[in-house]
Amino acid sequence: MKFGTYFAYWEREWDVDFFPYISKVAELGFDILEVSGGGIADLPEDKLIALREEAKRCGITLTACIGLPAEYNVSSSDRTIRGNGIAYMKKILDNMDIADIRQIGGIIYAYWPVDYSIPVEKEKTREISIESVRELADYAKPKGITLTLETVNRFEQYLFNDAAEATQFVKDVDRDNVKVMLDSFHMNIEEDNFYDPIINTGKYLGHYHIGEANRKVPGKGHIPWAEIGRALRDINYDGTIVMEPFVKPGGGVGSDIKVWRDLSGDADDSKLDEDIRESLIFLKKQFI
Ligand code: MN
């Protein structure tokens, strides 16, 4: 298992310079830095190469994550929107290839968060989504890139909300570089427990986001980390595990994630570092 964190723990906006975070997470003991797909979509080649070289220098693996905005909804029945979404994702995949990022997760099969003022047509949308994911998977395959489809709660998406639906979706996509991505925050809302969904996902699990139910760093809440660790060991999971803590209100990140209060205990940057360093030590004890 490789352990990482999302850069947004320290940031209020999605589009930031990821470069300084590569050495920072390495110093904190992580193996992975997760960056935002949207943040690398528009980066020039020299910046992408700089990220690649810095990651290599620091021994860090980069992964990417994105919830596609509505204008790039690859599950849209509007051909123009779907086409724009496919083109945007292909641009991200091209840039990932330059930056040597071989994995992207998130809501890359539809859009996020869902606008529920529009009536839900689950079956029809599911068919379009599967076609789009196949097209993106076939484009990503020669680059050695894996797509991991994030399973999120009912308030944010409807195509699949639990591990069983996600696994069936991935089986229906039927591409070996498409996997299930789970997230403990969403599982806490949708699953009966944490052990069985991981066991039942088994070899289809490709990426795992972790955080407490209130999105604090692992170890500060009530998520059963020992049970999750047991499940991951029982499926011989050797993939990526990335923390996705959000503890500060404000900016585009606070607004999109709905962080309306300070959950960090008024932590300054050095306390944020200390908290996540301790969390990683705690987590490795539970998972390895
Ligand atoms: Mn997540």
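Trainee: What exactly am I supposed to notice about the coordination of the manganese ion here?
Mentor: Geometry reference: four tetrahedral donors at a metal, ideal angle 109.5 degrees. Six octahedral donors, ideal angles 90 or 180 degrees. Protein-derived ligands of the manganese ion are Glu150 (OE), Asp183 (OD), His209 (ND1) and Glu244 (OE), with the metal-ligand distances lying across 2.1 to 2.2 Å. Read in sequence order, the donor residues coordinating the manganese ion give the pattern E-x32-D-x25-H-x34-E. One end of the pair, histidine 209, is in strand 7 (residues 205-210); the other, glutamate 244, is in the loop between strand 8 (240-243) and helix 10 (251-257), with 35 residues separating them in the sequence. Judged by relative accessible area, histidine 209 falls into the buried class, the value being 0%. For glutamate 244, a relative accessible area of 9% corresponds to the buried category.

Trainee: Could you clarify how one ought to interpret the packing of aromatic side chains in this entry?
Mentor: One pair of aromatic rings is described through two measures. These are the centre distance and the angle between the planes. With the rule as written, the count across this model stands at 14 aromatic pairs. Members of the aromatic cluster, connected to one another through ring pairs, are Tyr6, Phe7, Trp14, Phe18 and Phe246. The cationic tip of arginine 215 hangs over the ring face of phenylalanine 185; the distance from NZ or CZ to the ring centre is 3.9 Å.

Trainee: Teacher, can you tell me more about the pairing of strand 3 (residues 61-67) here?
Mentor: Sheet faces and side chains relate simply in a regular strand, where the side chains alternate between the two faces. Most of strand 3 sits inside the fold, with five of its seven residues counted as buried. Sheet topology note: the strand 2 (residues 32-36)/strand 3 ladder contains five bridges and is parallel. Across the sheet, glutamate 34 pairs through a bridge with threonine 63, a residue of strand 3. When strand 3 meets strand 4 (residues 103-107), the two strands line up parallel, connected through four bridges. Pairing of alanine 64 across the sheet is with isoleucine 104, part of strand 4. Viewed along the sheet, the connection from strand 3 through helix 4 (residues 79-98) into strand 4 turns out right-handed.

Trainee: Hey, could you run me through the nonpolar core in this one?
Mentor: Burial of nonpolar side chains together is a common tendency in soluble globular proteins. Membership of the largest hydrophobic core comes to 93 residues, with the highest contact counts inside it found for Ile104, Leu147 and Tyr208. Top element by residues in this core is helix 4. It accounts for six residues. What leucine 147 contacts, discounting residues up to four positions off in sequence, is Leu93, Ile104, Ile108, Val133, Leu136, Ala137, Ala140, Asn177, Val178 and Lys179.

Trainee: I'm lost on the layout of surface pockets in this one. Help?
Mentor: It is a probe the size of a water molecule, rolled over the atoms, that shows where empty space is left. By volume, the largest pocket is sized at about 560 Å³. In terms of lining residues, the largest pocket is bounded by 31 residues, among which Trp14, Ile66, Gly67, Trp112 and Asp256 are the most central. Broken down by class, the residue content of the lining of the largest pocket amounts to 15 nonpolar, eight polar and eight charged. In this structure, the second largest pocket encloses a volume near 360 Å³. Taken together, 17 residues line the second largest pocket, and the ones lying closest to its centre are Asn73, Ser76, Tyr111, Ile118 and Tyr158. Sorting elements by how many residues they give to the lining of the second largest pocket places helix 5 (residues 122-140) first, with three residues.

Trainee: Looking at this structure, I do not really get the pattern of salt bridges. What am I missing?
Mentor: Opposite charge on two side chains allows them to pair when their charged atoms are near. Tallied over the entire structure, the rule returns 22 salt bridges. The partner of aspartate 275 in a salt bridge is lysine 220, with the nearest N and O atoms 3.9 Å apart. Linking aspartate 275 in helix 11 (residues 269-287) with lysine 220 in the loop between strand 7 and helix 9 (225-234), this pair joins segments that are 55 residues apart in sequence. Residue classification places aspartate 275 among the buried residues on the basis of a relative accessible area of 6%. A network of salt bridges, in which partner residues are shared, links Arg52, Glu53 and Lys56.

Trainee: Looking at this structure, how should I read the sheet that holds strand 5 (residues 146-150)?
Mentor: Pairing between the strands of a sheet is mediated by backbone hydrogen bonds and can be parallel or antiparallel. Sheet architecture is closed into a barrel: eight strands sit in the order 1-2-3-4-5-6-7-8, paired in parallel fashion. Within the sheet, the average angular offset between the axes of one strand and its neighbour, ignoring direction, is 30°. In this sheet, strand 6 (residues 178-183) lies alongside strand 5 in parallel orientation, the contact comprising four bridges. What sits directly across from glutamate 150, in strand 6, is methionine 181.

Trainee: Just to check I follow, could you spell out the side chain of glutamate 156 for this structure?
Mentor: For glutamate 156, the location among the structural elements is in the loop between strand 5 and helix 6 (163-173). Put simply, glutamate 156 is tucked away with no salt bridge, and the nearest opposite charge, on arginine 215, sits 4.8 Å away. When near neighbours in sequence (up to four residues on either side) are disregarded, glutamate 156 contacts Tyr111, Trp112, Pro113, Val114, Tyr116, Phe185 and His186.

Cut-offs and rules
- Residues numbered from 1 in each chain as written.
- Predicted model: local features only at pLDDT ≥ 70, side-chain atom pairs only at ≥ 80, totals over all residues.
- Heavy atoms only, no water.
- Donors = N, O, S within 2.8 Å, 3.2 Å for Na, K, Ca; no water.
- Helix = DSSP H or I, 4+ residues; strand = E, 2+ residues; numbered from the N terminus.
- Buried < 20%, exposed > 50% of the residue type's maximum accessible area, 1.4 Å probe, protein only.
- Phe/Tyr/Trp six-rings, centres within 6.5 Å; stacked < 30°, edge-to-face > 60°.
- Lys NZ or Arg CZ within 6 Å of the ring centre and 35° of its normal.
- Pairing = 2+ DSSP bridges.
- Right-handed = clockwise from strand over helix to strand, strands pointing away.
- Core = buried A, V, L, I, M, F, W, Y, C linked by side-chain atoms within 4.5 Å.
- Contact = heavy atoms within 4.5 Å.
- 1 Å grid on protein atoms, 1.4 Å probe; cavity = no way out; pocket = protein on both sides within 12 Å on 5 of 7 lines; lining within 4 Å.
- Points joined across faces, edges and corners; volume = space filled by probe spheres on them.
- Nonpolar A, V, L, I, M, F, W, Y, C, P; charged D, E, K, R; others polar.
- Salt bridge = Lys/Arg side-chain N within 4 Å of Asp/Glu carboxyl O.
- Axes fitted to C-alpha atoms, helices over the stretch in contact; angles between N-to-C directions.
- Lys, Arg positive; Asp, Glu negative; His and termini not counted.

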